[in-house]
Amino acid sequence: MRGAEHDHGVVDLAHELPAGARSVGHMQELAALAENIAREAGDLARRRRAEGVTVAASKSSLADIVTEADREVEALIRRRLARARPGDGFVGEESGASRGTSGITWIVDPIDGTVNYAYGIPHYAVSIAAVTGEPIPEEWMPEIGVVHNAATGETFTGIRGRGARIGQTRLRVSMPPSAGALLATGFGYDPAQHDSDLARIRAVMPLARDLRRAGAASLDLAYVAAGRLDGYFEKGLQPWDHAAGGLLVTEAGGVMGGAPAGRPGRELVIAAGPQTYELLRAAIDR
Ligand code: IPD
Ligand code: CA
């Protein structure tokens, strides 16, 4: 039996799936749900951008902004997920966390690349991951990752154990290029971290053909998965910045690392194909 169709093609799965089941079919349906919601959310973000964006508040520092659209888009995603999957938990950048009962928790960044968004640079994304296990980043297991580039309409989807793709095209990380790696990084919002960010860049530059700072971590990770970047590293990311993109990387054959002996997280995220990962790891840890 299929679930009830809602507007925008969102399907109500709540009554037809055993809570927490991890069958391939279940995960594919969750991925389709996340893709539909991400596209609807991306459409809303783009509409609001066209109407003109205002900054609503600063958060951790003056540079760390939130727009009304970030809040509205997250509210939409949260509503859609709650309607389709009332037993699931939720962790969102703008509206906080609620615990579920199904064993699945959604990790959401409604607009990743908010500064690009506010400046009118068309490089920002809706990032939605579904994780199982305890709803804390050190313990959860990413199962689904969807990163939707709202400006270009590209949707990157990964399912644990089933690969990552854009549409029907499977994603694969790059092999290390002989001309040096095309790398990307980001700067956190905390100005006190910028010296160490710059030291890390200095350490990896001998490996690089060039370096990008494009402004949306979830897209940096999606691009590593797609082989459009050879590697990416950043300190200071929040769980919603890398939960979905990190699964894309590992499902595309890449490696996600963190601080030495740690999981990818606030201390550090390094993402690359296996060989480039080892080079980055050694350069950064040196
Ligand atoms: C930010 C972006 C940026 C990264 C920052 C993130 P936000 O997320 O992903 O590329 O460098 O560390 O906080 O604030 O735009 O959702
Ligand atoms: Ca955000």
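For clarity, every value in this text was computed on a predicted model and none was experimentally measured.

Definitions and cut-offs
- Residues numbered from 1 in each chain as written.
- Chains lettered and ligands numbered in written order.
- Predicted model: local features only at pLDDT ≥ 70, side-chain atom pairs only at ≥ 80, totals over all residues.
- Heavy atoms only, no water.
- Helix = DSSP H or I, 4+ residues; strand = E, 2+ residues; numbered from the N terminus.
- Expected span 1.5 Å × (residues − 1).
- Bend = angle between axes of the 7 residues up to and from the residue.
- Buried < 20%, exposed > 50% of the residue type's maximum accessible area, 1.4 Å probe, protein only.
- Arc of directions from axis to C-beta.
- Contact = heavy atoms within 4.5 Å.
- Phe/Tyr/Trp six-rings, centres within 6.5 Å; stacked < 30°, edge-to-face > 60°.
- Lys NZ or Arg CZ within 6 Å of the ring centre and 35° of its normal.
- Pairing = 2+ DSSP bridges.
- Axes fitted to C-alpha atoms, helices over the stretch in contact; angles between N-to-C directions.
- Near = heavy atom within 4 Å.
- Polar contact = N/O pair within 3.5 Å; in protein donor to acceptor, adjacent residues only side chain to side chain.
- Areas by Shrake-Rupley, 256 points an atom, 1.4 Å probe, with all protein chains shown as cover.
- Nonpolar A, V, L, I, M, F, W, Y, C, P; charged D, E, K, R; others polar.
- Domains from an automatic or database assignment.

Along an α-helix, residues three or four positions apart point the same way, because every turn accommodates 3.6 residues. Between the first and last C-alpha of helix 6 (residues 239-251) there are 18 Å, a value that for 13 residues agrees with the 18 Å anticipated at 1.5 Å per step. Its axis deflected by about 30 degrees at Gly245, helix 6 carries its strongest bend there. Of all the 13 residues making up helix 6, 12 are buried; the element is thus mostly covered by neighbouring parts of the structure. Residues of helix 6 that are buried: Pro239, Trp240, Asp241, His242, Ala243, Ala244, Gly245, Gly246, Leu247, Leu248, Val249 and Glu251. Just beyond helix 6, the residue with positive phi is Gly253, at close to 90 degrees.

Moving on, we come to helix 4 (residues 194-204). The set of residues buried in helix 4 consists of Asp197, Arg200, Ile201 and Val204. Around the axis of helix 4, the buried residues are gathered within 100 degrees of arc, so they sit on the same side. Exposed and facing more than 90 degrees away from the buried side of helix 4 are Asp195 and Arg202. Along its buried surface, helix 4 packs onto strand 11 (181-185), strand 12 (208-212), strand 13 (231-234) and helix 7 (274-285).

Applying the stated criterion to the full structure yields 2 aromatic pairs. When the ring of Tyr117 is compared with that of Tyr124, the centres are 4.8 Å apart and the planes differ by 75 degrees; the resulting orientation is edge-to-face. Tyr124 carries the same exposure label as Tyr117, and that label is buried. Ring geometry for Phe156 versus Tyr223: centroids 6.2 Å apart, planes at 45 degrees, classification tilted. Here the residue Phe156 occupies a position in strand 8 (residues 155-159), and Tyr223 occupies one in helix 5 (residues 217-225), the gap between them amounting to 67 residues. Each member of the pair Phe156 and Tyr223 is classed as buried. Stacked on the ring of Tyr223, the Lys or Arg Arg228 has its end atom at 4.9 Å from the ring centre.

Attention shifts here to the sheet that holds strand 14 (residues 255-257). Here 5 strands make up an open sheet; going across it, the order is 12-11-13-15-14 and the pairing mixed. Each of the sheet's edge strands pairs with one partner strand only, and the pair in question is strand 12 and strand 14. Between one strand and the next, the sheet's axes are offset by a mean angle of 15 degrees, whatever the strand orientation. Note that strand 14 and strand 15 (residues 269-272) share 3 bridges and pair antiparallel. By the bridge assignment for strand 15, Gly257 is matched with Ile270. The strands touched by helix 5 are strand 11, strand 13, strand 14 and strand 15; relative to strand 13, the strand with the most contacts, the crossing angle is about 150 degrees. Docked against the sheet, helix 6 engages strand 14 and strand 15, running at close to 140 degrees with respect to strand 14.

Now for the site of ligand 1. Ligand 1 sits among 16 residues. The nearest are Asp112, Gly113, Thr114, Tyr189 and Glu234. The separation between an oxygen atom of ligand 1 and a polar main-chain atom of Ile111 is 3.4 Å. At 3.2 Å from an oxygen atom of ligand 1 is found a main-chain nitrogen or oxygen belonging to Gly215. If ligand 1 stood free it would expose 380 Å²; the protein chains cover 96% of that surface. Looking at the shell around ligand 1, the element that brings in the most residues is strand 5 (residues 104-112), giving 3 residues. Of the residues in the shell around ligand 1, the class split is 6 nonpolar, 4 polar and 6 charged. The two domains that each donate at least three residues to the shell around ligand 1 are domain 1 (24-170) and domain 2 (181-285).

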